[in-house]
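# A closer look at the structure
These are the residues of each chain, in order.
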Amino acid sequence: MELSKEHIARLRELLARPAQRIVILSHTNPDGDAVGSSLAWAEVLRGMGHAVTCIVPNKYPYFLDWMPGIEEVVVFKTDTEGRAARAVSEADILFCLDFNAVSRLEILSETIEANTTAVRVLIDHHLSPDKGFDLAISHPDSSSTCFLVYSIVEALCGTDAITRRMAELLYVGMMTDTGNFAFSFLTPELFRAVAVLVEKGIRIPDIHNSVYNAYTEGRARLFGYAINRKMEVIQNGTVAYMSLLESEMRRFQFQQGDSEGFVNYALTIKKVKMSAMFLAHRKFIRVSLRSRGDVDVNLFARKYFNGGGHKNAAGGKSFVSMRETIDHYVRSVAEFAAEGHLG
Ligand code: 5GP
Ligand code: MN
């Protein structure tokens, strides 16, 4: 990944005016990369003397509760005091982190559209970003938004500006979005960045434990149930899927974030190249897709589930019943395979 000198110059120019009101937004169902990059970028901007509010559409998963500064993130869905709407309406700059389209803000989208004067800056690593940003720092070849923020800070003010707190926040996104440094774009630059974060004093085993070994008993049992009872393998053993109904989630005291990682598990089966998870919500079914190698689930998500994401990790939504969603998936997989997309 190479940053554009012009982008950094534009950013420097934008941030030169003192004491601006800045809002940092991240996507619905915020994950470690969304929260980590938002909070770290907020600290950098505060260090420059700006007033910053971080907003997410809905709650982050409970296993991120420990992240430094997370209590200051305004959760739009439960924001009864109107802090989010006020901050957005007064903002001079809106930073959009870790998502590529305003629609990914879902319930927060309208509030954002209402402010027409703030400068809009995208800092993201998803494919095919929306038009309409005043500055789009879009790097689909960055393994995480946290690595992108790290690189921007390095270019803008040097790594001396990175505190231990920021280092912890940035590491969370680098670790989670790369599946513990196992997915794509594992460049020497990424590991150099990790080395700098270690120099700042982060404790990798502690961060790992805080994120991955902090689930409830219900989640562990739900995982066993989902793999044993709900996983189906089709297409001659090369494609898997799994679904969870609301009644099943209730039985295991489901909390948001509990299904994190389930969709990846089917890919531990040697022959499986593509995996899907269908998670029932009150008004729709959330679709998560993962793949290996050349199988492009970003394309699949766009074509069949009105979604998108990355080549090997994407998502979308379905507005029909679970049965119809699964039937649609099975038919779509057959078509996708017939077109040669499954290798
Ligand atoms: P997850 O399965 O972890 O929710 O999402 C995987 C990836 O797909 C993420 O990078 C996420 O941003 C993207 N993604 C998930 N759902 C949607 C969606 O509805 N629309 C688009 N465009 N991207 C999505
Ligand atoms: Mn990300």
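In this text, all values refer to a predicted model and were calculated from it rather than measured experimentally.

### Remarks on the pairing of strand E9 (residues 274–280)
- Along E9, 7 of the 7 residues are buried, which leaves the element largely enclosed by surrounding structure.
- Alternating residues of E9 divide into Met274, Ala276, Phe278 and Ala280 and Ser275, Met277 and Leu279, and every residue in both groups is buried.
- Where E9 lies against strand E10 (residues 285–291), 7 bridges are found, and the strand directions are antiparallel. Residue Ala280 lies in a different strand from E10, and its bridge partner there is Ile285.
- What sits between the antiparallel neighbours E9 and E10 is a turn of 4 residues.

### A short note on the coordination of the manganese ion (ligand 2)
- Around the manganese ion (ligand 2), the protein contributes the donor atoms Asp33 (OD), Asp98 (OD), His125 (NE2) and Asp177 (OD), at 2.2 to 2.3 Å from the metal centre.
- Here the donor residues of the manganese ion (ligand 2) share one chain and are spaced in sequence as D-x64-D-x26-H-x51-D. With a gap of 92 residues between them, Asp33 in helix H2 (residues 32–47) and His125 in the loop between strand E5 (119–124) and strand E6 (135–138) connect regions that are remote in the sequence. Summarising the burial analysis for this pair, Asp33 and His125 share the class buried.

### Some remarks on H2
- Taking 1.5 Å per residue as the helical rise, H2 with its 16 residues ought to reach 22 Å, and the 22 Å between its terminal C-alpha atoms agrees with that figure.
- Just beyond H2, the residue with positive phi is Gly49, at close to 100 degrees.

### Looking at the site of ligand 1
- Near ligand 1, the surroundings consist of Arg104, His126, Ser288, Arg290, Gly307, Gly308, Gly309, His310, Ala313, Ala314, Gly315 and Gly316.
- Separating an oxygen atom of ligand 1 from a side-chain N or O atom of His126 is a distance of 2.7 Å.
- In the environment of ligand 1, an oxygen atom lies 3.2 Å from a nitrogen or oxygen atom belonging to the backbone of Gly315.
- Burial of ligand 1 by the protein amounts to 79% of the accessible area it has alone, namely 490 Å².
- Contributing elements (two or more residues each) for the shell around ligand 1: E10, strand E11 (308–309) and strand E12 (313–318).
- At 4 residues, E12 tops the list of elements feeding residues into the shell around ligand 1.
- Of the residues in the shell around ligand 1, the class split is 2 nonpolar, 8 polar and 2 charged.

### Some words on the sheet that holds E5
- An order of E3-E2-E1-E4-E5-E6 is seen for the 6 strands of this open sheet, with the pairing classed as parallel. Whereas interior strands pair on both sides, the edge strands pair on one side only; in this sheet they are strand E3 (74–75) and E6.
- Where E5 lies against E6, 4 bridges are found, and the strand directions are parallel. Looking across to E6, one finds that Val121 is bridged to Leu135.
- The sheet strands contacting helix H3 (residues 83–90) are strand E1 (21–26), strand E2 (51–56) and E3, and the helix crosses E2 at an angle near 125 degrees.

### Overview of unusual backbone geometry
- One non-glycine residue, Asp98, lies in the positive phi region at around 70 degrees.
- Looking at the secondary structure, you find Asp98 in the loop between strand E4 (93–97) and helix H4 (109–114).
- With a phi angle near 55 degrees, Asn236 is a residue other than glycine that sits in the positive phi range.

### What to know about the domain arrangement of the chain
- Each domain of the chain was delimited in the assignment, giving domain 1 (5–211) and domain 2 (217–338).
- Taking the mean C-alpha position of each, domain 1 and domain 2 sit 27 Å from one another.
- Counting from both sides, the interface comprises 15 residues of domain 1 and, opposite them, 16 residues of domain 2.
- Across the domain 1/domain 2 interface, buried area totals approximately 1,100 Å², and carbon plus sulfur atoms make up 40% of it.
- Contact with domain 2 buries area across many residues of domain 1, yet Asn29, Tyr62 and Leu127 alone supply 40% of it, more than any other trio.
- At the junction of domain 1 and domain 2, the tally comes to 2 salt bridges.

### Examining the nonpolar core
- Core analysis: the biggest nonpolar cluster contains 57 residues, and Leu11, Ile24, Trp41, Phe95 and Met174 have the highest contact counts within it.
- Dropping the residues within four chain positions of it, Ile24 is found in contact with Ser38, Trp41, Ala42, Leu45, Val52, Thr53, Cys54, Ile55, Phe95 and Leu97.
- Formed by 23 residues, the second largest nonpolar core is a distinct cluster that contains Phe278, Ile326, Val333 and Phe336.

Reading guide: rules and limits
Residues numbered from 1 in each chain as written. Chains lettered and ligands numbered in written order. Predicted model: local features only at pLDDT ≥ 70, side-chain atom pairs only at ≥ 80, totals over all residues. Heavy atoms only, no water. Buried < 20%, exposed > 50% of the residue type's maximum accessible area, 1.4 Å probe, protein only. Helix = DSSP H or I, 4+ residues; strand = E, 2+ residues; numbered from the N terminus. Pairing = 2+ DSSP bridges. Donors = N, O, S within 2.8 Å, 3.2 Å for Na, K, Ca; no water. Expected span 1.5 Å × (residues − 1). Near = heavy atom within 4 Å. Polar contact = N/O pair within 3.5 Å; in protein donor to acceptor, adjacent residues only side chain to side chain. Areas by Shrake-Rupley, 256 points an atom, 1.4 Å probe, with all protein chains shown as cover. Nonpolar A, V, L, I, M, F, W, Y, C, P; charged D, E, K, R; others polar. Contact = heavy atoms within 4.5 Å. Axes fitted to C-alpha atoms, helices over the stretch in contact; angles between N-to-C directions. Domains from an automatic or database assignment. Buried area = accessible area lost by both parts, 1.4 Å probe. Salt bridge = Lys/Arg side-chain N within 4 Å of Asp/Glu carboxyl O. Core = buried A, V, L, I, M, F, W, Y, C linked by side-chain atoms within 4.5 Å.

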